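# Working through the structure, step by step
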Amino acid sequence: MLGFCRGKRKFLAASLTLLFVPAVTWIYLFTGNFDDGKSISLSPLDSQSHSPRYSASNQRESLELRMREVEEENRVLRKQLSLVQNRGPSHRQGNRSKTYSMEEGTGDSESLRAGIVAGNSSECGQQPAVEKCETIHVAIVCAGYNASRDVVTLVKSVLFHRRNPLHFHLIADTIAKQILATLFQTWMVPAVRVDFYDADELKSEVSWIPNKHYSGIYGLMKLVLTKTLPTSLERVIVLDTDITFATDIAELWAVFHKFKGQQVLGLVENQSDWYLGNLWKNHRPWPALGRGYNTGVILLLLDKLRKMKWEQMWRLTAERELMSMLSTSLADQDIFNAVIKQNPFLVHQLPCFWNVQLSDHTRSEQCYRDVSDLKVIHWNSPKKLRVKNKHVEFFRNLYLTFLEYDGNLLRRELFGCPSEADINSENLQKQLSELDEDDLCYEFRRERFTVHRTHLYFLHYEYEPAPDDTDVTLVAQLSMDRLQMLEAICKHWEGPISLALYLSDAEAQQFLRYAQGSEVLLNRRNVGYHIVYKEGQFYPVNLLRNVAMKHVSTPYMFLSDIDFLPMYGLYESLRKSVVQLDLKNTKKALIIPAFETLRYRLSFPKSKAELLSMLDMGTLFTFRYHVWTKGHAPTNFAKWRTATTPYRVEWEADFEPYVVVRRDCPEYDRRFVGFGWNKVAHIMELDAQEYEFTVLPNAYMIHMPHAPSFDITKFRSNKQYRICLKTLKEEFQQDMSRRYGFKALKYLTAENNS
């Protein structure tokens, strides 16, 4: 923008010079010819001077008058040139520090010159500023799992370019609100505020309108924003979820200052032939002005719309048109265009680059071939990235930039802008300030307080509660290197699953492609995938378990690991066991005996008898018997071989079985990250809370082989890692003593004896 204004000033100076030189030349010619006693015709009005009846004295008086006029005009021109040049670098620097980019102006040299002669300032000086700390308000209608995923890419693109505080107004259903509230809370982006409005409460406002568009009833809710948003809110930018910004949104916000008269809607012309009505035989669109307008990007002057009684305006129009059209084809867009057809004065038409529409029926190429700066890309097609556009690779790459961009990098401060105190952020800073940075275990301790950005229900999720209240959810966590286990687990466990996946933004998209390409995973709607985004040096294993546990919707949980396959039929078997052992009214932890194989290809045992046979043949082993016997020794595998009824076992040091518990069991301790003691501490907590450990005689699970994790490699090779783990264990045991008193002494004694 700075270069643009500087260029206009150069143009002004050149224009003034061009005006000044002919004036001087005219005076010179006049003077020279007057001395010679001749005259030169300079305009039709001067033709009088050629008459013999026109005296020399009259000629002299007339010409002297003209000279004075020219001199006065040149004086004004010199003054304006001086003013333009004196605006100088300091003025430009001031603009740069106080404003953000604004929409480029246009104008020819004649109008510009006329403005200067009249004493007006330049267009750059007239352009309205977006104050440095002015809050920009954005409204988005978002409903369901897919839209919640799409809106994240939009928000990333806005955050990437923005230099102003943002206030998002999200009209969301229950699903989207749960997902996005958690996402923004854990994202912790400075100078960003989010408010939610219940979309389900608005359904009655638009449900009377038949709509054939794929967006469904939510595609009509932009019509009721004047009623939904706070009455104190005067203006708002309204965006579809399939929008990508390629510029600072403040540029678009500044366009509000260009509205004149009764203009209350800022819209880009539709780039398809839809409203022209010639796409196919008998194509009959809703009424529109010419090509109509696209509502993927709207500037709404809410205060003026309310004064115009917008609610009644669009309702009366919709009722009238529906008598003949019967339903909308393009949701709110049809009704907006019908209103505009009757009231063209409502619209301030935005340049096409504020909404470059990409779908099979658009002529967006007409726009982006004529402009050099595309500002907003709109994937307005249900096929999104698969639209038939010969330049789609260019646009896809722009979209993928933000789709896979590390959202943690967008936690940027807006220096110099006052912001509302964020309690979560303040608490985090307080906790971190209490840590000793010189502590050799500082990074371990810091991880406990790290807030990881979390996207719940990354894929569609459906669950119908069991009528008998006995349902069990398998809980596990994983990273990208264990993704191949998902299909096998889904084949072994038909019940609900809650998974926490530790991924980067780019890996989350790889996972999405993997899941959408898997017939097994596509057919399973009762699997909740919760993305916890990577941050820090350690694998936050217990945080991941807690995230997966927190979003279990069944009364009971099977706390497993992703590299274990449960026996066939375990889901139904556990539902019977929770009834038989009265888990509803007792504090029990049901132990599933764990085994392992070293074979990547295993003929999975279909019964306990078959498993015992494989144990005897050496195809299977009790889990970790050769490296960490203590972890599962208390299960008493010798007794299990012949047991036909559940039996109770006592807690012992380092015990870490896989258990079924009620949903209200304690969380895992977050201080344990990476490898080591993460499950041990949890089982100790269960014992301290007087859970009874009961082994199920006809249940089992088998650990499948895989390459060692990065964290176990660090544990084995890094002495400091092992020292810090020992320190954390001791601190955990001290905390247990403070919380549980005398009965927690046995944990210290057991540790010393082990």
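Look up: the structure comes first, before these words.
Keep in mind the model is a prediction, meaning the values are calculated, not measured. (Residues numbered from 1 in each chain as written. Predicted model: local features only at pLDDT ≥ 70, side-chain atom pairs only at ≥ 80, totals over all residues. Heavy atoms only, no water.)

### Some remarks on the overall build of the protein
Broken down by element type, the protein carries 27 helices and 23 strands. In the protein, 80% of the contacts between residues at least 6 apart in sequence involve partners at least 24 apart. For the protein, the exposed surface amounts to about 35900 Å²; the carbon and sulfur share of it is 51%. (Helix = DSSP H or I, 4+ residues; strand = E, 2+ residues; numbered from the N terminus. Contact = heavy atoms within 4.5 Å. Areas by Shrake-Rupley, 256 points an atom, 1.4 Å probe, with all protein chains shown as cover.)

### What to know about the sheet that holds strand E19 (residues 621-622)
Sheet architecture is open: four strands sit in the order E16-E23-E18-E19, paired in mixed fashion. On the outer flanks of this sheet lie strand E16 (564-566) and E19, each paired with one strand and no other. Where E16 and strand E23 (residues 701-703) come together, three bridges link them in antiparallel fashion. Paired with Phe564 across the two strands is His703, which belongs to E23. (Pairing = 2+ DSSP bridges.)

### Re the packing of aromatic side chains
If you walk through the whole model with that rule in mind, you get 31 aromatic pairs. Note on Tyr457 and Tyr461: the rings are 5.1 Å apart at their centroids and 40° apart in plane angle, and the pair reads as tilted. Tyr457 sits in the buried class, given a relative accessible area of 8%. Judged by centre distance (4.9 Å) and plane angle (85°), the rings of Trp651 and Tyr747 are edge-to-face. Taken together, the residues span a long stretch of sequence, with Trp651 in the loop between strand E20 (647-649) and strand E21 (658-662) and Tyr747 in helix H27 (residues 745-753) at a distance of 96 residues. These aromatic residues form a ring-pair network of at least three members: Tyr145, Tyr457 and Tyr461. Positioned over the ring face of Trp187 is Arg453, at 5.6 Å from the centre of the ring. The aromatic ring of Tyr668 is capped on one face by Arg545, whose charged end is 5.1 Å from the ring centroid. (Phe/Tyr/Trp six-rings, centres within 6.5 Å; stacked < 30°, edge-to-face > 60°. Buried < 20%, exposed > 50% of the residue type's maximum accessible area, 1.4 Å probe, protein only. Lys NZ or Arg CZ within 6 Å of the ring centre and 35° of its normal.)

### Looking at the packing of helix H24 (residues 678-688) against helix H26 (residues 719-740)
With their axes 12 Å apart at the nearest point, H24 and H26 run at an angle of 15° to one another. When the axes of H24 and H26 are compared, the pair comes out roughly parallel. Crossing of H24 against H26: the hand is right-handed. Where H24 approaches H26, its residues Ala681, Met684, Glu685 and Ala688 are matched on the opposing element by Phe732, Gln733, Met736, Arg739 and Tyr740. In terms of residue class, the contact of H24 with H26 is made up of six nonpolar, one polar and two charged. (Axes fitted to C-alpha atoms, helices over the stretch in contact; angles between N-to-C directions. Parallel < 35°, antiparallel > 145°, perpendicular 65-115°, else oblique. Left-handed = near helix turned anticlockwise from the far one by under 90°. Nonpolar A, V, L, I, M, F, W, Y, C, P; charged D, E, K, R; others polar.)

### Remarks on the sheet that holds strand E14 (residues 527-533)
The nine strands lie next to each other as E11-E14-E13-E12-E15-E21-E17-E22-E20, forming an open sheet whose pairing is mixed. The open sheet has two free edges, formed respectively by strand E11 (454-455) and E20, since each of these has just one partner strand. Here strand E12 (residues 472-479) pairs with strand E13 (residues 497-503) via six bridges, running parallel. Looking across to E13, one finds that Gln477 is bridged to Ala500. On the sheet, H24 packs against strand E15 (556-559), strand E17 (588-592), E21 and strand E22 (692-695) and is oriented at approximately 45° with respect to E21.

### Some remarks on the state of the cysteines
Put plainly, two cysteines are in a disulfide when a covalent bond ties their sulfur atoms together. Taken as a whole and judged by the stated rule, the model has two disulfides. Each sulfur of the disulfide joining Cys133 and Cys417 lies 2.1 Å from the other. Handedness of the Cys133-Cys417 disulfide follows from its S-S torsion of about -90°: it is left-handed. Here Cys133, found in the loop between helix H4 (123-126) and strand E1 (136-142), pairs with Cys417, found in the loop between helix H14 (392-403) and helix H15 (423-433); they are 284 residues apart in sequence, far enough to count as distant. Looking at Cys133, the relative accessible area reads 29%, which means it is partly exposed. Residue class for Cys417 comes out buried when judged on its relative accessible area of 13%. (Disulfide = S-S within 2.5 Å.)

### Digging into the nonpolar core
Ranked by internal contacts, the top residues of the largest apolar core, which has 115 residues, are Leu499, Phe511 and Phe558. A total of seven residues in this core trace back to one element, the largest contributor, which is H26. Listed in part, the 96 residues of the second largest apolar core include Leu265, Trp274, Leu346 and Val356. (Core = buried A, V, L, I, M, F, W, Y, C linked by side-chain atoms within 4.5 Å.)

### Digging into helix H11 (residues 310-325)
Over its 16 residues, H11 extends 21 Å from the first C-alpha to the last, a length consistent with the 22 Å expected when each residue adds 1.5 Å. The complete set of buried residues in H11 reads Trp310, Glu311, Met313, Trp314, Thr317, Ala318, Glu321, Leu322 and Met325. Down the axis of H11, the smallest arc covering the buried residues is 160°, so these residues share one side. Along H11, exposed side chains directed more than 90 degrees from the buried face belong to Leu316 and Met323. Within two residues after H11, Leu326 carries a phi angle of roughly 75°, on the positive side. (Expected span 1.5 Å × (residues − 1). Arc of directions from axis to C-beta.)

### Digging into the side chain of Asp334
Along the chain, the position of Asp334 falls in helix H12 (residues 332-342). Here Asp334 occupies a buried position and makes no salt bridge, while the nearest side chain of opposite charge, Lys212, is found at 9.6 Å. Engagement of the side chain of Asp334 in a polar contact is seen with the side chain of Tyr275, the distance being 2.6 Å. Side-chain polar atoms of Asp334 contact the backbone nitrogen of Ser329, separated by 2.8 Å. Beyond its immediate sequence surroundings of up to four residues, Asp334 is in contact with Trp274, Tyr275, Trp286, Thr328 and Ser329. (Lys, Arg positive; Asp, Glu negative; His and termini not counted. Salt bridge = Lys/Arg side-chain N within 4 Å of Asp/Glu carboxyl O. Polar contact = N/O pair within 3.5 Å; in protein donor to acceptor, adjacent residues only side chain to side chain.)

### Observations concerning helix H17 (residues 485-492)
Where H17 is concerned, the buried positions are Met485, Leu486, Ile489, Cys490 and His492. Looking straight down H17, one finds that the buried residues subtend no more than 165° of arc, so they occupy a single side. For H17, the secondary structure elements touched by its buried residues are E12, E13, helix H18 (505-516), helix H19 (519-522), E14 and E16.

### Notes on a nonpolar patch on the surface
Together, Phe742, Leu745 and Leu748 make up a nonpolar patch on the protein surface, roughly 320 Å² of accessible area in all. As for its placement among the helices and strands, Leu745 is situated in helix H27. By relative accessible area, which is 40% here, Leu745 ends up partly exposed. (Patch = residues over 30% accessible without salt bridge, like charges linked within 9 Å, V, L, I, M, F, W, Y side chains within 5 Å.)

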